[in-house]
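Residues per chain, in single letters:
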Amino acid sequence: MEPVIEFLQCHQRADRDKIYRAVSALWTLAFGDSEEYIWQFCQDMPLVGAVLAMSEKYVAGMALLLQPDAAQNAYYGYSVCTHPGERGRGICRRIHEKIRAVCEERRAGYFVRPAEHALIELYGKLGLKTLQWEDERIVTTDKVISHTLLSPKAYAQIRQQYFASSDLYAWDAEAIRFMCQQGYTAAGFSLEGTSCAAFLLERERIVCEICAPDTLLDRAAICAASALGGQAMVRLPGNKHMGYSAVMGYGTKENFYFNLYIE
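We now turn to the structure provided with this report. (Residues numbered from 1 in each chain as written. Predicted model: local features only at pLDDT ≥ 70, side-chain atom pairs only at ≥ 80, totals over all residues. Heavy atoms only, no water.)

**A closer look at the environment of Lys143**
Along the chain, Lys143 turns up in the loop between β6 (129-140) and β7 (148-149). Sequence separation between Lys143 and Ser226 is 83 residues, and the spatial gap between their C-alpha atoms is 6.6 Å. (Helix = DSSP H or I, 4+ residues; strand = E, 2+ residues; numbered from the N terminus.)

**Examining helix α1 (residues 13-31)**
Most pronounced at Val23, the bend in α1 amounts to some 45 degrees. Those residues of α1 that are buried are in contact with β1 (4-9), α2 (35-44), β2 (47-54), β3 (59-66) and β4 (74-82). Positive phi shows up at Gly32, right after α1, with a value of about 80 degrees. (Bend = angle between axes of the 7 residues up to and from the residue. Contact = heavy atoms within 4.5 Å.)

**Describing the pairing of β4**
Across the nine residues that make up β4, a large majority, seven, are buried. Pairing geometry for β3 and β4, over five bridges, is antiparallel. Within β4, the residue paired with Gly61 across the bridge is Thr82. Where β4 meets strand β5 (residues 109-112), three bridges bridge the pair, whose relative direction is parallel. Bridge pairing in β5 places Ala74 opposite Gly109. (Buried < 20%, exposed > 50% of the residue type's maximum accessible area, 1.4 Å probe, protein only. Pairing = 2+ DSSP bridges.)

**A closer look at the nonpolar core**
Core analysis: the biggest nonpolar cluster contains 39 residues, and Ile19, Val23, Trp27, Phe41, Met62, Leu64 and Tyr155 have the highest contact counts within it. Element by element, the count of residues in this core is highest for α1, at five residues. Among all residues touching Ile19, those that are not within four sequence positions of it are Leu8, Cys10, Leu47, Gly49, Ala50 and Leu64. Counting 24 residues, the second largest nonpolar core, distinct from the first, contains Ile95, Val102, Cys103 and Ile120. (Core = buried A, V, L, I, M, F, W, Y, C linked by side-chain atoms within 4.5 Å.)

**Focus: the pairing of β2**
Successive side chains on a regular strand alternate, one facing one side of the sheet and the next facing the other. Burial within β2 is extensive, with seven of its eight residues counted as buried. The pairing of β1 with β2 spans six bridges and is antiparallel. Each bridged residue has a counterpart across the sheet, and for Phe7 the counterpart in β2 is Val51. Of the pairings in the sheet, the one linking β2 to β3 comprises seven bridges and is antiparallel in character.

**Examining the packing of α1 against α2**
Between α1 and α2, the shortest axis-to-axis distance is 9 Å and the interhelical angle comes to 145 degrees. Like other packed secondary-structure pairs, α1 and α2 cross with a definite hand, here right-handed. Of α2, the residues touching α1 (which contributes Arg13, Arg16, Asp17, Tyr20, Val23, Ser24, Trp27 and Thr28) are Glu35, Tyr37, Ile38, Trp39, Phe41, Cys42, Gln43 and Asp44. Across the contact of α1 with α2, the residue classes break down as eight nonpolar, three polar and five charged. (Axes fitted to C-alpha atoms, helices over the stretch in contact; angles between N-to-C directions. Left-handed = near helix turned anticlockwise from the far one by under 90°. Nonpolar A, V, L, I, M, F, W, Y, C, P; charged D, E, K, R; others polar.)

Right under this line is the structure:
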């Protein structure tokens, strides 16, 4: 029997608990996150609902819909996955058909961040186009560069100097504090008398974001790599000639996403 596609809407606290119970097993299987993290995410994040593929035995596929900014009518597809035993049956396509129907009914846009390069082609077949490009590079340095750990509030203040206003995501101190609780670190350093910062995932040696003037981005990448022991994978803004699809979606303007540098 084909899984049934359902949309669980989130209007009140009880709905968040229901969504948590529905998605926790598949989420843990697909991404390895703890039940504590999943529960906290479902309680704190701006949930619109969850689109689920329900088989007789378990949840065969899912996608959470978040609305990062209540003033902007666009939904972020998060924790999109299919059960390993159900892959190749078109479940992701059916989930996204339901998402498109929900978005059309509500006149909302939709966007995702492909977790793997292989997903870019899949999302393209589902009708999503590239909204933002990103570049990844391995940076290695033997320099020991002084840096300090920043509070979420301090990082948010530095970030505002270099990034466009969020429009779609309240990347404020509270959001940063939540991410730091999951293992991320905010580091600060100075270049040519300018306060700069980087958002780091230490356990995987990834520099997720750099807050620095365009002219200092390469030097800031070296500082961030130094903060992670001398080598790190660094993410920087890219383009279609030198990068990959970092954000894909439809129903919203290009270059809207929260981590675009101010022009």
